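# Architecture at a glance
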Amino acid sequence: MTKLIKTLAAAAAATVLTTGAFAQSAREIRGPSPYVAIENEPAPKLIVDAPLPEGLAIGVYWAQYRVENLRIVPVFGKGALGASPRIGHLHVIVDDLPWWWADASDNNTVDIANFPPGPHKVKIQLVDAGHNVIPGQEVTHTFTIPDTAASHKH
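Let me sum up the structure you'll find in this document. Quick caveat: nothing in here was measured; it's all calculated off a predicted structure.

### Let's talk about the overall build of the protein chain
Helix and strand counts for the protein chain come out as three helices and eight strands. The order of helices and strands in the protein chain, counted from the N terminus, is α-α-β-α-β-β-β-β-β-β-β. For the protein chain, buried positions account for 30% of its 154 residues. Contacts in the protein chain between residues at least 24 apart in sequence constitute 63% of all its contacts with a sequence separation of at least 6. In the form shown here, the protein chain has an accessible surface area of approximately 9,800 Å², with 59% of it arising from carbon and sulfur atoms.

In structure tokens form, the structure reads like this:
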């Protein structure tokens, strides 16, 4: 019985040590605290996944995104440009139209519904609080909505 208890205790200890070795801190997942300015901030980065095929099949563009080294918040203007940690938002442009909208929700997914069948383009830009595109941080998806999507209304 003592041998079984020692074996179980060793297995439990190994599990705790292994789990702890892979645990990530809040800072590793969420980024630095907003209460302390960051010296020499690394450049912001925009990562956007391909649109979900399930959405395209029904005329909806869903693309998940994340950013690094920037917090997406609804704060705009010249006064916010010097904030640290850095803040900004997304600009979303559909089919090269001359207008865009600002998405400061940080909800992880760009969601655009009711695309008609045919070819389309969505451009997502990471911008600072003054609406300036951060160099190199733009993703464009081109895709085609199938004719069968016309029967789906959202």
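### Things to note about the pairing of strand E8 (residues 133-145)
As defined by bridge partners, strand E7 (residues 118-128) adjoins E8 across nine bridges and the pair is classed as antiparallel. Each bridged residue has a counterpart across the sheet, and for Val127 the counterpart in E8 is Val133. Count of turn residues in the E7/E8 antiparallel hairpin: four residues, of which His131 carries a positive phi of about 70°.

### Quick word on the pattern of salt bridges
One pass over the structure, following the stated rule, counts three salt bridges. Between Glu68 and Arg66 there is a salt bridge, and its shortest N-O distance comes to 2.7 Å. What makes Glu68 partly exposed here is its relative accessible area of 28%. Asp96 is the salt-bridge partner of Lys121, the closest N and O atoms lying 2.9 Å from each other. Linking Lys121 in strand E7 with Asp96 in the loop between strand E4 (87-94) and strand E5 (101-103), this pair joins segments that are 25 residues apart in sequence.

### Side note on the packing of aromatic side chains
Applying the stated criterion to the full structure yields two aromatic pairs. When the centroid spacing of 5.4 Å and the interplanar angle of 90° are considered together, the rings of Phe115 and Phe143 count as edge-to-face. Of this pair, Phe115 sits in the loop between strand E6 (109-112) and E7 while Phe143 sits in strand E8, and the two are 28 residues apart along the sequence. Chaining the aromatic ring pairs together yields one cluster made of Tyr61, Phe115 and Phe143.

### Quick look at the sheet that holds strand E1 (residues 45-48)
One key point about sheets: their strands pair by backbone hydrogen bonds, in either a parallel or an antiparallel sense. Pairing within the open sheet is antiparallel, and its three strands lie in the order E1-E2-E6. Strand pairing shows two members of the sheet lacking a second neighbour, E1 and E6, which therefore form its edges. Neighbour-to-neighbour, the strand axes of this sheet turn through a mean angle of 25°, independent of strand direction. Direction of pairing for strand E2 (residues 61-68) relative to E6: antiparallel, over a ladder of four bridges. Looking at the pairing, Tyr61 lines up with Ile112 of E6.

### Quick word on the layout of surface pockets
Computed from the structure, the largest pocket encloses a volume of approximately 690 Å³. Listing elements by their share of the lining of the largest pocket, those giving two or more residues are helix H2 (26-30), E2 and strand E3 (71-72).

Cut-offs and rules
- Residues numbered from 1 in each chain as written.
- Predicted model: local features only at pLDDT ≥ 70, side-chain atom pairs only at ≥ 80, totals over all residues.
- Heavy atoms only, no water.
- Helix = DSSP H or I, 4+ residues; strand = E, 2+ residues; numbered from the N terminus.
- Buried < 20%, exposed > 50% of the residue type's maximum accessible area, 1.4 Å probe, protein only.
- Contact = heavy atoms within 4.5 Å.
- Areas by Shrake-Rupley, 256 points an atom, 1.4 Å probe, with all protein chains shown as cover.
- Pairing = 2+ DSSP bridges.
- Salt bridge = Lys/Arg side-chain N within 4 Å of Asp/Glu carboxyl O.
- Phe/Tyr/Trp six-rings, centres within 6.5 Å; stacked < 30°, edge-to-face > 60°.
- Axes fitted to C-alpha atoms, helices over the stretch in contact; angles between N-to-C directions.
- 1 Å grid on protein atoms, 1.4 Å probe; cavity = no way out; pocket = protein on both sides within 12 Å on 5 of 7 lines; lining within 4 Å.
- Points joined across faces, edges and corners; volume = space filled by probe spheres on them.

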